[in-house]
Amino acid sequence: MDIAEVAKATGLPASTLRYYEEKGLIRSSGRNGLRRTYHPKVIEQLALISLGRNAGFSLDEIGKMFTAEGPDINRKLLLAKADELDRKIEELATMSKGLRHAAACKVPNQLDCPKFLRILRIAGKNRSRHSNILKR
């Protein structure tokens, strides 16, 4: 498959495919004129990269899961990421419920609503936690 076919099949731009190749995530199998060519299995590899990115893995973390023999997926890392996603889902569900409450709340000013104030405190704690993570 040439790079245009892979791009069309995956919806990824050719520039992303070249970048992934530069990062060592995928390999071209040769060239057809000036175009890179890839083994058809690259589609599965790109799907795995996409899944990893959607789950919040960095490209470096994903790259460590690929070996010359194929994927070598760190199960402990998967469980840790799943736990992280579960926490995020819970956090987002709480925020969603709070926003729905604030939209329907009968108080004239949401800042007078105890439930909305709890949401603000949670958001403030999360902002502090995220900024501390970024400082590391």
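What you are looking at is a predicted structure, and each value in this text was computed from that prediction instead of being measured.

For this particular structure, what's the right way to read the overall build of the protein?
Across its full length, the protein holds 6 helices and 4 strands. Listing the helices and strands of the protein from first to last along the sequence gives α-α-β-β-α-α-β-β-α-α. Relative to the compact-globule value of 14 Å for 136 residues, the protein shows a C-alpha radius of gyration of 22 Å, a clear excess of over 25%. Put simply, of all contacts in the protein between residues at least 6 apart along the chain, 41% involve residues at least 24 apart. Split by element, the accessible area of the protein, about 10100 Å² in all, is 55% carbon and sulfur. Charged side chains in the protein number 26 positive and 15 negative. The centres of these two groups are separated by 8 Å.

Would you mind going over the pattern of salt bridges with me for this structure?
Two side chains carrying opposite charge are able to pair once their charged atoms lie near each other. Enumeration over the complete set of coordinates arrives at 5 salt bridges. Among the salt bridges present, the one from K23 reaches D60, with a minimum N-O distance of 3.1 Å. In this pair, K23 sits in the loop between α2 (14–22) and β1 (30–32) while D60 sits in helix α4 (residues 59–64), placing the two residues 37 residues apart along the sequence. Judged by relative accessible area, which is 36%, K23 ranks as partly exposed. Residue class for D60 comes out partly exposed when judged on its relative accessible area of 48%. The partner of K81 in a salt bridge is E84, with the nearest N and O atoms 3.7 Å apart. Of the two residues, K81 and E84 both sit in helix α5 (residues 75–104), 3 residues apart, roughly one turn of that helix.

Before we go on, may I ask you to explain the packing of helix α1 (residues 3–10) against α2 in this structure?
The angle between the axes and the distance between the axes are what describe a pair of packed helices. Put simply, α1 and α2 touch, their axes get as near as 9 Å, and they point 105 degrees apart. The angle between α1 and α2 places the two elements in the roughly perpendicular class. Across from I3, V6 and A7 in α1, the residues of α2 making contact are A14, L17 and R18.

Would you explain the confidence of the model for the protein in this entry?
As a note on interpretation, predicted positions should not be read in detail where pLDDT is low. Looking at the protein as a whole, the pLDDT averages 86, with 92% of positions reaching at least 70. Across residues 131–136, where pLDDT falls below 50, the model places 0 contacts with residues more than four positions away in sequence or in other chains.

What exactly am I supposed to notice about the domain arrangement of the protein here?
Frequently, the measure chosen for interface size is the accessible area that the parts lose on association. Looking at the assigned domains, one finds that the protein contains domain 1 (3–71) and domain 2 (78–134). For domain 1 versus domain 2, the separation of C-alpha centres amounts to 36 Å.

Explanation requested: the UniProt feature "domain: HTH merR-type" (unreviewed entry) in the protein in the structure shown.
Within this numbering scheme, the UniProt entry marks residues 1–68 as carrying the feature "domain: HTH merR-type" (unreviewed entry). Here residues 1–68 runs as 54% helix and 12% strand, with 20 Å between its end C-alpha atoms.

Criteria and cut-off values
- Residues numbered from 1 in each chain as written.
- Predicted model: local features only at pLDDT ≥ 70, side-chain atom pairs only at ≥ 80, totals over all residues.
- Heavy atoms only, no water.
- Helix = DSSP H or I, 4+ residues; strand = E, 2+ residues; numbered from the N terminus.
- Rg over C-alpha atoms; globule rule 2.2 N^0.38 Å.
- Contact = heavy atoms within 4.5 Å.
- Areas by Shrake-Rupley, 256 points an atom, 1.4 Å probe, with all protein chains shown as cover.
- Lys, Arg positive; Asp, Glu negative; His and termini not counted.
- Charge placed at Lys NZ, Arg CZ, Asp CG, Glu CD.
- Salt bridge = Lys/Arg side-chain N within 4 Å of Asp/Glu carboxyl O.
- Buried < 20%, exposed > 50% of the residue type's maximum accessible area, 1.4 Å probe, protein only.
- Axes fitted to C-alpha atoms, helices over the stretch in contact; angles between N-to-C directions.
- Parallel < 35°, antiparallel > 145°, perpendicular 65-115°, else oblique.
- pLDDT = per-residue confidence, 0-100.
- Domains from an automatic or database assignment.
- UniProt positions renumbered as here; feature names shortened; annotations may be inferred.

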